[in-house]
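Observations on the three-dimensional arrangement
Here is how the chains run, residue by residue.
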Amino acid sequence: MVQPKPRLKFTVSDYMSMPGDKQYQLLDGEMILAPSPTSRHQTISIQLGFAVREFVKQQSLGRVWFAPLDVVLSEHDVAQPDILYVSNSRSDIVTEANIQGAPDLVVEILSPGTAYYDKGYKQVLYGRHGVREYWIVDPGT
């Protein structure tokens, strides 16, 4: 009988101890390479992010951030959404190093290298941890 090999699951501690800038996300204990975004992806992120930021700022609702910023959701999940918003009432999840919990809004802009995770595991992950709004932007690349 063939015995399955146990799967190694990395933890937040493993992730945080990685040297240098983190170009990875930790999803279900697996280190997933986050390739650099294209110029089109960056343009969409900037335009949409600034529009959301301006609305949030005018209404004094909270804060908006852009990737890369770690969002720690569990012992085996650290995501880096393209855009995220945390309301004033939930500002206690914001630390100097990262966001410790579910933002109110997460925006992921699809790219060939991330669409599989953005429309699959991350959508379920964000819902499970209480992200109130999850926007998937498809630039039609």
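The structure contained in this document is the topic of the report that follows. The structure presented is a predicted model; accordingly, all values stated were derived computationally and were not measured.

What follows is about the sheet that holds strand E6 (residues 83-87). Taken in spatial order, the four strands of this open sheet run E3-E6-E8-E9, and their pairing is mixed. This sheet does not close on itself; its edge strands, each paired only once, are strand E3 (62-66) and strand E9 (133-137). Ignoring which end each strand starts from, the neighbouring axes of this sheet average 10 degrees apart. Pairing analysis gives five bridges linking strand E8 (residues 105-109) to E9, with the strands arranged parallel. By the bridge assignment, Glu108 is partnered in E9 with Ile136. Packed on one face of the sheet, helix H2 (residues 39-59) meets E3, E6, E8 and E9 and runs near 170 degrees to E3. Here helix H4 (residues 121-128) sits on the sheet and contacts E8 and E9; the angle it forms with E9, its principal contact strand, is near 165 degrees.

Here we take up the packing of aromatic side chains. In total, this model carries three aromatic pairs according to the counting rule given. Where Phe50 meets Phe66, the ring centres are 5.8 Å apart and the plane angle is 85 degrees; that geometry is what we call edge-to-face. Of this pair, Phe50 sits in helix H2 while Phe66 sits in strand E3, and the two are 16 residues apart along the sequence. Among the residues examined, Phe66 registers a relative accessible area of 27% and is labelled partly exposed. Ring plane angle 85 degrees and centroid distance 5.1 Å describe the contact between Tyr116 and Tyr117, whose orientation is recorded as edge-to-face.

What counts and what doesn't
Residues numbered from 1 in each chain as written. Predicted model: local features only at pLDDT ≥ 70, side-chain atom pairs only at ≥ 80, totals over all residues. Heavy atoms only, no water. Pairing = 2+ DSSP bridges. Helix = DSSP H or I, 4+ residues; strand = E, 2+ residues; numbered from the N terminus. Axes fitted to C-alpha atoms, helices over the stretch in contact; angles between N-to-C directions. Contact = heavy atoms within 4.5 Å. Phe/Tyr/Trp six-rings, centres within 6.5 Å; stacked < 30°, edge-to-face > 60°. Buried < 20%, exposed > 50% of the residue type's maximum accessible area, 1.4 Å probe, protein only.

These values are about where atoms sit, not about what they do.
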